[in-house]
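Examining the three-dimensional arrangement
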Amino acid sequence: MVLAGCSSDPPLTGGKRPVRDEAPTAPAAKAYDPPTAFGEGGVRLVPPHDDRAEAKLDGTTAYLLTDSSLAAYNTRSGGPLWRVTGPDGMSTGVDDRGRVWQPAVPVVSRSGGRTLVLFAFQYYTEGTGTAKDVSSARLQAVDAAAGKVAWTAALPAPPGRSFGDDSAPTVVGVEGDTAVVTVRTEPEDGDAEERSMVTYAVNMETRHVEWRQDGFEARMVAGGRVVGAQLPDDAQIDSERWSADDGGISLMARSLTDGTVRWRDSRNLFGLRVNPLGAGLFTARINVEYKEHPEGVILLDAATGSRPAGMTGDTAAMFTGSNCVYDQRSTLLCGADHGLAALDTHTHKVLWQITGDDPAREVPDLITAWHGVVYASVAGHGGVLLDAATGKDRGTYEAGYLTAVNEYEALDQDLTVFPATG
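These remarks concern the structure in this document.

Brief notes about the state of the cysteines
- One pass over the structure, following the stated rule, counts 1 disulfide.
- Across the disulfide from Cys-324 sits Cys-334; the S-S distance is 2.0 Å. Across the disulfide from Cys-324 to Cys-334, rotation about the S-S bond amounts to roughly 115°, and the bridge is consequently right-handed. Of this pair, Cys-324 sits in strand β24 (residues 323-326) while Cys-334 sits in strand β25 (residues 331-336), and the two are 10 residues apart along the sequence. With respect to burial, Cys-324 and Cys-334 carry one shared label: buried.

Structure follows, in structure tokens:
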């Protein structure tokens, strides 16, 4: 069912053309897939006003989303390519997610021969006369080549609910021509303690909301399924999870096509946090008794809601830590206090592990991974490279604390670019 169409509200440029800057000329980049050596940090990407930003690397471009703008930067020169800004009162939720949510980087989608950068935002329209103030949410698509808003889709609030100051709108993922967005809601009567979520599936061809599910927090999109938490009316959110004093939280997957339930975990949950890992896998931190009861963490497959095929309880437990990274090809890495383990995401077989009991090796601290290489560190030894398939050392490297890697460069946590050199 179509709920909304294209928005006629002011575009995200506040009625003005996007800011577009000419970047200084920089040498052409050479690709290394995967890179195993980096040059010195060449440039630091600086968002407007040095605001907090969430970054997405795409080739030699980085897209930086702040609470009030989206900007593209040339990673070789550090110069801004373009920037779109929003109407007064706009918030993308970057600042709020930094406090209570996992970061959500801008989403890059390629369709019809062009590249779109997607993000969501909310803003207030101040009422005049007898008209009430209105809080609105939107999904925005920016043409990456032109640096201009391509389209805007309206996301209507559920009846009796509104979008508050910390609604943290998030593009959860894109699959095919459908984008999934979540927004936090609160009652229109102003009782901000009664938090909930609403999830939208937006057709990017028609710009219509194909379905909306109230009280559902989507956390990942994989294989035609949208996985998340269905919440009771008295749900509460803190920095770690959703909780409910009387239970009633459900872990489930809905159809990406029409929102119908594809599977539902039978447990009545008092607490839940879903953490997507990649390759269709996720962990669920659950409470099956009163919310203060110790939690359990389980590894699950988005396709079935069950333990991944071929894994035992013991092997699955190796991949339930808080620090897990998917190399975007075939390997999931998870680090814990006393070990590091690798999982083949196609066969669900444990490839290797390094534990504190190994007399010959130090347990490395996992940083990130990309296309078969693990980037880690060892106290006193600096950066180390591991083969993702075997766990064997591939050498050392010098760079910052890397948050993203591709064939051209790495980006560290303070947005310094380290160019790939080998």
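Quick look at the pattern of salt bridges
- Throughout the structure, instances matching the rule amount to 11 salt bridges.
- Residue Asp-166 is joined to Arg-184 by a salt bridge in which the shortest nitrogen-to-oxygen separation is 3.3 Å. Taken together, the residues Asp-166 in the loop between β10 (161-162) and β11 (170-175) and Arg-184 in strand β12 (residues 178-187) connect sequence positions 18 residues apart.
- Looking at Arg-184, the relative accessible area reads 4%, which means it is buried.
- Taking the shortest distance from any N to any O, the salt bridge between Asp-265 and Arg-267 comes out at 2.7 Å.
- If you follow the salt bridges from partner to partner, you end up with Asp-166, Arg-184 and Arg-195 in one network.

Let's talk about the layout of surface pockets
- Put simply, the second largest pocket is a space of about 260 Å³.
- Lining the second largest pocket are 14 residues; nearest its centre among them are Asp-133, Val-134, Ser-135, Ser-162 and Glu-188.
- Where the lining of the second largest pocket is concerned, the elements lending two or more residues are β8 (134-143), β10 and β12.
- Among the residues making up the lining of the second largest pocket, the classes are represented as 5 nonpolar, 4 polar and 5 charged.

Some words on the packing of aromatic side chains
- Under the counting rule described, the total for this entry stands at 7 aromatic pairs.
- Look at Tyr-63 and Trp-82: their rings are 6.1 Å apart centre to centre, the planes differ by 40°, and that puts the pair in the tilted class. With Tyr-63 in strand β3 (residues 61-65) and Trp-82 in strand β5 (residues 80-85), this residue pair connects regions lying 19 residues apart in the sequence. Across the pair, exposure class does not vary: Tyr-63 and Trp-82 are buried alike.
- Measuring from ring centre to ring centre gives 5.8 Å for Phe-121 and Tyr-123, while their planes differ by 25°; the resulting arrangement is stacked.
- We note Arg-254 situated over the ring of Phe-216; from NZ or CZ to the ring centre the distance is 5.1 Å.

Remarks on the pairing of strand β9 (residues 148-155)
- Pairing geometry for β8 and β9, over 7 bridges, is antiparallel. Pairing of Val-142 across the sheet is with Val-149, part of β9.
- Taken together, β8 and the strand that follows it, β9, pair antiparallel across an intervening segment of 4 residues, in which Gly-147 is found at a positive phi of about 70°.

Topic: the nonpolar core
- Judged by nonpolar contacts, the single largest core of 21 residues is most densely connected at Val-227, Leu-231, Ile-249, Leu-251, Leu-272, Phe-282 and Ala-284.
- Looking at this core, the elements that each hand over two or more residues are β15 (216-222), β16 (225-230), β19 (250-255), β21 (271-278) and β22 (281-287).
- Of the residues forming this core, the biggest block, 3 residues, is contributed by β22.
- Counting 20 residues, the second-largest nonpolar core is a separate cluster that includes Trp-151, Val-181, Met-204 and Val-209.

Structural notes on a negative patch on the surface
- A surface patch of negative charge is lined by Glu-188, Asp-189, Glu-194, Asp-233, Asp-234 and Asp-246.
- Residue placement: Asp-234 occurs in the loop between β16 and β17 (236-237).
- On the basis of relative accessible area, Asp-234 is assigned to the partly exposed category, the value being 30%.

Re the environment of Leu-70
- Of note, Leu-70 is situated in strand β4 (residues 69-74).
- When its relative accessible area of 0% is taken as the criterion, Leu-70 is described as buried.

A look at the sheet that holds β3
- With respect to topology, 4 strands assemble into an open sheet ordered β2-β3-β4-β5, the strand pairing being antiparallel. This sheet does not close on itself; its edge strands, each paired only once, are β2 (54-58) and β5. Pairwise comparison of adjacent strand axes, ignoring direction, gives a mean angle of 15° for this sheet.
- Here β2 pairs with β3 via 5 bridges, running antiparallel. Pairing of Leu-57 across the sheet is with Ala-62, part of β3.

So, how was this worked out
- Residues numbered from 1 in each chain as written.
- Predicted model: local features only at pLDDT ≥ 70, side-chain atom pairs only at ≥ 80, totals over all residues.
- Heavy atoms only, no water.
- Disulfide = S-S within 2.5 Å.
- Helix = DSSP H or I, 4+ residues; strand = E, 2+ residues; numbered from the N terminus.
- Buried < 20%, exposed > 50% of the residue type's maximum accessible area, 1.4 Å probe, protein only.
- Salt bridge = Lys/Arg side-chain N within 4 Å of Asp/Glu carboxyl O.
- 1 Å grid on protein atoms, 1.4 Å probe; cavity = no way out; pocket = protein on both sides within 12 Å on 5 of 7 lines; lining within 4 Å.
- Points joined across faces, edges and corners; volume = space filled by probe spheres on them.
- Nonpolar A, V, L, I, M, F, W, Y, C, P; charged D, E, K, R; others polar.
- Phe/Tyr/Trp six-rings, centres within 6.5 Å; stacked < 30°, edge-to-face > 60°.
- Lys NZ or Arg CZ within 6 Å of the ring centre and 35° of its normal.
- Pairing = 2+ DSSP bridges.
- Core = buried A, V, L, I, M, F, W, Y, C linked by side-chain atoms within 4.5 Å.
- Patch = residues over 30% accessible without salt bridge, like charges linked within 9 Å, V, L, I, M, F, W, Y side chains within 5 Å.
- Areas by Shrake-Rupley, 256 points an atom, 1.4 Å probe, with all protein chains shown as cover.
- Lys, Arg positive; Asp, Glu negative; His and termini not counted.
- Charge placed at Lys NZ, Arg CZ, Asp CG, Glu CD.
- Axes fitted to C-alpha atoms, helices over the stretch in contact; angles between N-to-C directions.

In short, shape yes, function no, at least from these values alone.
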